[in-house]
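# Fold and geometry: a report
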Amino acid sequence: MIRPASSAGCDPVARAALRVVGLGILLCGTLLATAPAESAPSPPSQASLRYTVVLADPARHLVRVELRIPPGAAEHELQLPVWNALYRIRDFAQYVNWVHRRDERGNSLPVSPLDPSRWHIAQAAGGAEIEYETFANDPGPFGAQLNGQHAFFNLAEILIYPVDLRSHPIELGFRNVPPAWKIATALPGSDEAGFRAENYDRLVDAPVEIGTFRETDFELGRGHYRVIIDADPADYDIEKIAAIDEGIVAAETSWMDDQPSGSYLFIYHFPRGRGYGGMEHADSMAIDESAHSLAEDPESLAEVTAHEFFHRWNVKRIRPQSLEPIDYSKENYSTALWFSEGVTSTVGEYGMLRAGRKNESGFRKDLAREVQEIEERPAHLTQSAEASSLGAWLEGYPYYQDPARSVSYYNKGFLVGILLDLELRKRTECRTSLREVLRWMNQNYARQNRFFPDSRGVQEAAEAVSGSGFASFFERYVAGTEELPWNDFFRVVGLELTETRVAVVDPGFTVDRPLAGPTTVLAVAPLSEAERSGLAVGDLILTVNGQPADASLRQTLEQLKPGETLNLRVSGRAGQRDLHFQAGSRERVDFELRDRGDLSEQQKACRASWLRGEPLALGEAHP
């Protein structure tokens, strides 16, 4: 997942303000929801659940769902997930207006609430028919929305399921779809005949787009790839976007030497207002990027796409044990998000290099910015990569975003992925790399329908491909909080990290890294112009200099010059108001990756292979 802004994924990106290098992704980023794609189908003897999703009232964002439960048990507990797509309890039951049940004669039968997200039904041995209404107006790749323009559903946010029948096959249909609208999803089936899923987990890991979207496709190897876009056609070139996708698919499938068969679906939204984030699924992805951001920085879309597409392996097939089985009723804690999200960003960067969408200079600059991001957070000395992974569920709380409290598992995981790659190269004369770790895990876990044991599984893979012990590396830099000795790692590719102190803008306040929704002021510097203007902790920033305060806000603030006037529209306890003040200045340490003065031919060869994301080839000797 790639989360909006610089850390949090399913979002974009999630490492520096995509940056999958910081988003989504919106990530955010992962978010999960499936057993390995190769899992066995449900036994044919199991009767199917049948969902019909009725687009009841687009103007009022109302969806009606009909659930038919087959004959069987006399009683069932029904559950609506409390979370999905983001590592955050969102209690989707808040949107459910009513739940009804009737028998075959139309008589009302009781549905007993157990808590806001669970219900109990009895007298169901002959089957049951449930009907309910829910509100859906949460835009973006992490939500569910119905309006007059389109519908987009993360199905776990609107579909109640019988807990005891979660493994049963499912049929899904839609009704009241406007005549000009089409349906796109990775599920097998068709608009007319409906869609199918092996079980509930597989069903809700396939988002659905319904509307007048534009579509194109391409073939590559054994795969068929569909690209659909819901946006104003004036804001994008669909063939250019498909070309970006094809290049990334080619780069990452060749890197893994693997191409899952079947079709894959890219879903894009380019809203003219706020929009940012990416969400991965087993055979699809959904990405929102504002039309403004797309026009200003077209490569940011490629960054998010590269991150989300590699999730087709890492987290969806190469899956940590701590994320299984999914628990839709409470948090799913994991110590492995640094790998499942952060290292996915590492590989996404290699994918950008391999696809020709980024050069060495851009890669080095982005890498140095990632170093700067973690060095500017004092919490890198107190929170490990594993602890940061567990803290994903706290990211909705503003204080948790404070630099002294937390680091991003996207940022820390990305950097640990880079350093693990370099350490493997150093120990093997560049004959082994991070690529071999992921391929080994794909072969020994994903293809064997096994989940890997979190960080221990990654360590096991690194040791297997290198023939070397990695216990100390993982104890110090994954489970521990030791300072990362950057230049000890960069030396193998002939680089050194240098520091320069510069005067930079200081707006006088800091903001959070929202997964979704408005940007919140975390802190206001005492005696600053921001404080004098009336800006307060907890204020929501709506616009900056007339532009929406979207995921690029932090980057916008960084590009200001000391003394430049900031015009903010904010909303908070003091109401909605316009604030005007001048930005100040502070000293910042900038990092740069430079060539070492004693660069050897061996280091040059190792760097060249690193920038390809590959080890030195077997027949390729060191100069």
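Refer to the structure presented above.
Here goes a summary of the coordinates provided. These figures come from a predicted structure and were not determined experimentally.

Take helix H10 (residues 454-466) next. If you check H10, its first and last C-alpha atoms are 19 Å apart, about what 13 residues at 1.5 Å a residue would give, namely 18 Å. For H10, the set of buried residues is Asp 454, Ser 455, Gly 457, Val 458, Gln 459, Ala 461, Ala 462 and Ser 466. Those residues of H10 that are buried lie in contact with helix H5 (337-354), helix H7 (385-390), helix H8 (409-427), helix H9 (434-444) and helix H11 (471-477). Two residues or fewer past H10, Gly 467 is found with a positive phi of approximately 65°.

A word on the pairing of strand S17 (residues 214-220). When S17 meets strand S18 (residues 223-230), the two strands line up antiparallel, connected through 7 bridges. Within the sheet, the bridge partner assigned to Phe 218 lies in S18 and is Tyr 225.

Our next topic: the sheet that holds strand S8 (residues 128-135). One key point about sheets: their strands pair by backbone hydrogen bonds, in either a parallel or an antiparallel sense. Reading across from one edge, S5-S8-S3-S2-S12-S15-S14 is the order of the 7 strands in this open sheet, with mixed pairing throughout. The open sheet has two edge strands with one neighbour each: strand S5 (96-102) and strand S14 (189-190). Strand direction decides the pairing type here: strand S12 (residues 170-175) and strand S15 (residues 194-197), joined by 3 bridges, are antiparallel. Within the sheet, the bridge partner assigned to Glu 171 lies in S15 and is Arg 196.

In this section: the environment of Phe 135. Within the secondary structure, Phe 135 is located in strand S8. Discounting residues that sit within four places of it in the chain, Phe 135 has contacts with Arg 60, His 61, Leu 62 and Tyr 95.

In space, the 4 strands of this open sheet follow the order S9-S10-S16-S13, with antiparallel pairing throughout. Both outer strands of the open sheet, strand S9 (144-146) and strand S13 (182-185), are each paired with one neighbouring strand and no more. Between one strand axis and the next, the sheet turns by 15° as a mean value, whatever way the strands run. Inspection of the sheet shows S13 paired to strand S16 (residues 208-211) by 4 bridges, in the antiparallel sense. Across the sheet, the residue bridging to Ala 184 is Glu 209, located in S16.

About the criteria used
Residues numbered from 1 in each chain as written. Predicted model: local features only at pLDDT ≥ 70, side-chain atom pairs only at ≥ 80, totals over all residues. Heavy atoms only, no water. Helix = DSSP H or I, 4+ residues; strand = E, 2+ residues; numbered from the N terminus. Expected span 1.5 Å × (residues − 1). Buried < 20%, exposed > 50% of the residue type's maximum accessible area, 1.4 Å probe, protein only. Contact = heavy atoms within 4.5 Å. Pairing = 2+ DSSP bridges. Axes fitted to C-alpha atoms, helices over the stretch in contact; angles between N-to-C directions.

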